[in-house]
Amino acid sequence: MSVELTRLTAAELAEKIHSREVSAVEATQAHLDRITEVDPVVHAFLHVATQPALAAAAEVDAALATGNKPASPLAGVPLALKDVLATSDMPTTCGSKILEGWRPPYDATVAARLRKAGVVILGKTNMDEFAMGSSTEHSAYGPTHNPWDTSRIPGGSGGGSAASLAAFEAPLAIGTDTGGSIRQPAAVTGTVGVKPTYGGVSRYGLVACASSLDQAGPCARTVLDAALLHEVIGGHDPLDSTSIDTPVPRVVDAARQGAEGDLRGLRIGVVRELGGEGYQPEVEATFRSALSRLESLGAELVTVSCPHFDYALAAYYLILPSEVSSNLARFDAMRYGLRVQPSLDSSAEEVMAATREAGFGDEVKRRIMLGTYALSSGYYDAYYGKAQKVRTLITRDFAAAFEQADVLVSPTAPTTAFRIGEKVDNPLAMYLNDLCTIPANMAGTPAMSVPAGLAESDGLPVGLQIMAPTLGEAVMYRVAAAFEAARNAAEGGPLIQRLENGLGVPV
Ligand code: GLN
């Protein structure tokens, strides 16, 4: 019974809970059991909130028992929350030693909205420290393993959230995406991940990595589940000054419409600069077959050129570290978490230095140094200032491309999941994973990854990235759902069902 419950989509599980065929407590217990069984191998979770989760589920059951309508279409469904979002009843570490044991005094808006909707938070998921990385190997608490092949990375920084879905530990998860941390993990774990329009989901209580790029979003195993979650977490929040004051795009309707599989009248732009040389040939081949599938659904394919995308990675790795160097200054040994005091008469400055030396990992230190350099008075114009100009040019490239196409597509990541340890000592190789995902963060536009197929040589998932104009989530979900439905019909079911026994335990 419990294995079956963990196999269901969020939409299916919600239906069973709301019709009271299954209780929310049973559904939650099934996922907690699954976590106990597989997480020693996967390590998707940093904290499992057994008692709070069961209590939240019991509340949903009690409300349903009195005949109340469910608080939302996802009431009673369990979810895994990335450990970068503040939760008042659970620790929040951001994958860092510097925040070990810290309990925030308040809930992030995303967490508060989930609770209000009756979504059951199972616990907090592993991540690269302060969301910097593409493999989850930069977590201070050890790496997460990809359920498709546990010797491989699950992507990053939100590898824990993506792996929890692929390991059937949770049907829903929340990630955050500053340069691809929702989409690249989705691609390499065969799951769905969405970066909403910047300002579409509140950043209140999301521990800042790079504030002008950070965006929280839904992770799921199906497009419809992601859409249901998107509508729960999205929408205006006066507590975030960058929050957009417009209604959440109607993504659930769009996903349902898309599943009918008709894309006639839509123009899909293939970005010339994303893909080709330097990409794993099977990623390229899977992408090409995805294009034919989209065409067979009636969409018109057009080639678009976004010439400044070639500079996106370089500009991002100046802008992000600059913002990081400023944002992470708040970890000063005085306000949160760790405090290292070398001796009784240490000065405040010595305490701060010793705490940051012990509390931050190498990648975080690298970015703080890069950013401090890029912002220093002699180099500001040459580095940070120049990168901001490139950012404007990228935004203009998108605007021009969206005159010719309704959505743009590309591979999500240049390779399938690489081996744990393969790139951890080579920062540049690690950064190259973000080639296709960074442009959307630079422009603030929405983008998502859907499972496209498996690479033949290693049997690992490949993702299709779909990008849309600002607040154009509806058309993006429509295309994603149509593609998913067509792929499932042609291949005899969802890609995730092909996940064989990589965990050594039945999935
Ligand atoms: N790989 C990107 C980086 O390391 C991802 C960041 C993110 O999206 N949080 O900067």
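Conventions we followed
- Along each chain, residue indices are assigned from 1 in the same order as the chain's sequence is written.
- For a predicted model such as this one, the threshold for reporting local features is a pLDDT of at least 70, and the threshold for listing and counting side-chain atom pairs is 80 or more; totals across whole chains, interfaces and linings nevertheless cover every residue.
- Side-chain metrics rest on all non-hydrogen atoms present in the structure, leaving aside hydrogens and water.
- A carboxyl oxygen of Asp or Glu within 4 Å of a side-chain nitrogen of Lys or Arg is what we treat as a salt bridge.
- Going along the chain from the N terminus, every DSSP run of H or I of four or more residues is numbered as a helix, and every run of E of two or more is numbered as a strand.
- Relative accessibility thresholds used throughout: buried, under 20% of the residue-type maximum; exposed, over 50%; partly exposed, between the two (1.4 Å probe, protein chains only).
- Stacked, tilted and edge-to-face are the three classes applied to pairs of Phe, Tyr and Trp rings, where Trp contributes its six-membered ring and a pair requires centres within 6.5 Å; stacked means planes under 30 degrees apart, edge-to-face means over 60, and tilted covers the rest.
- Two conditions define a charge located above a ring, namely a distance within 6 Å from the ring centre to NZ of Lys or CZ of Arg, and an angle within 35 degrees of the ring normal.

1. Here's the deal with the pattern of salt bridges
Then step 1. Scanning the entire structure with this criterion turns up 18 salt bridges.
Then step 2. Taking the shortest distance from any N to any O, the salt bridge between Asp240 and Arg203 comes out at 3.7 Å. Here Asp240 is found in the loop between α8 (223-233) and α9 (251-259), whereas its partner Arg203 is found in the loop between β5 (192-195) and β6 (216-220), with 37 residues between them in sequence. The same class applies to Asp240 and to Arg203, which are both buried.
Then step 3. We note a salt bridge from Arg264 to Asp262, for which the minimum N-O separation is 2.8 Å.
Then step 4. Here the salt bridges do not stand alone but share partners, grouping Asp89, Asp107 and Arg115 into one network.

2. Structural notes on the packing of aromatic side chains
Then step 1. All told, the structure shown has 14 aromatic pairs when counted by the stated rule.
Then step 2. For the pair Phe130 and Phe360, a centre-to-centre distance of 6.1 Å together with 75 degrees between the ring planes defines the contact as edge-to-face. Of this pair, Phe130 sits in the loop between β3 (120-125) and α6 (159-166) while Phe360 is found in the loop between α12 (348-359) and α13 (362-375), placing the two residues 230 residues apart along the sequence. Here the two residues Phe130 and Phe360 agree in accessibility, since each one is buried.
Then step 3. Where Phe331 meets Phe360, the ring centres are 6.4 Å apart and the plane angle is 90 degrees; that geometry is what we call edge-to-face. Of the two residues, Phe331 is situated in the loop between α11 (312-327) and α12 and Phe360 in the loop between α12 and α13; the sequence distance between them amounts to 29 residues.
Then step 4. Look at Phe360 and you get buried, because its relative accessible area is 5%.
Then step 5. The structure contains a cluster of three or more aromatic residues connected by ring pairs, namely Trp102, Phe130, Phe331, Tyr336 and Phe360.
Then step 6. Cation over ring: Lys423 sits above Phe418, and NZ or CZ is 4.4 Å from the ring centre.

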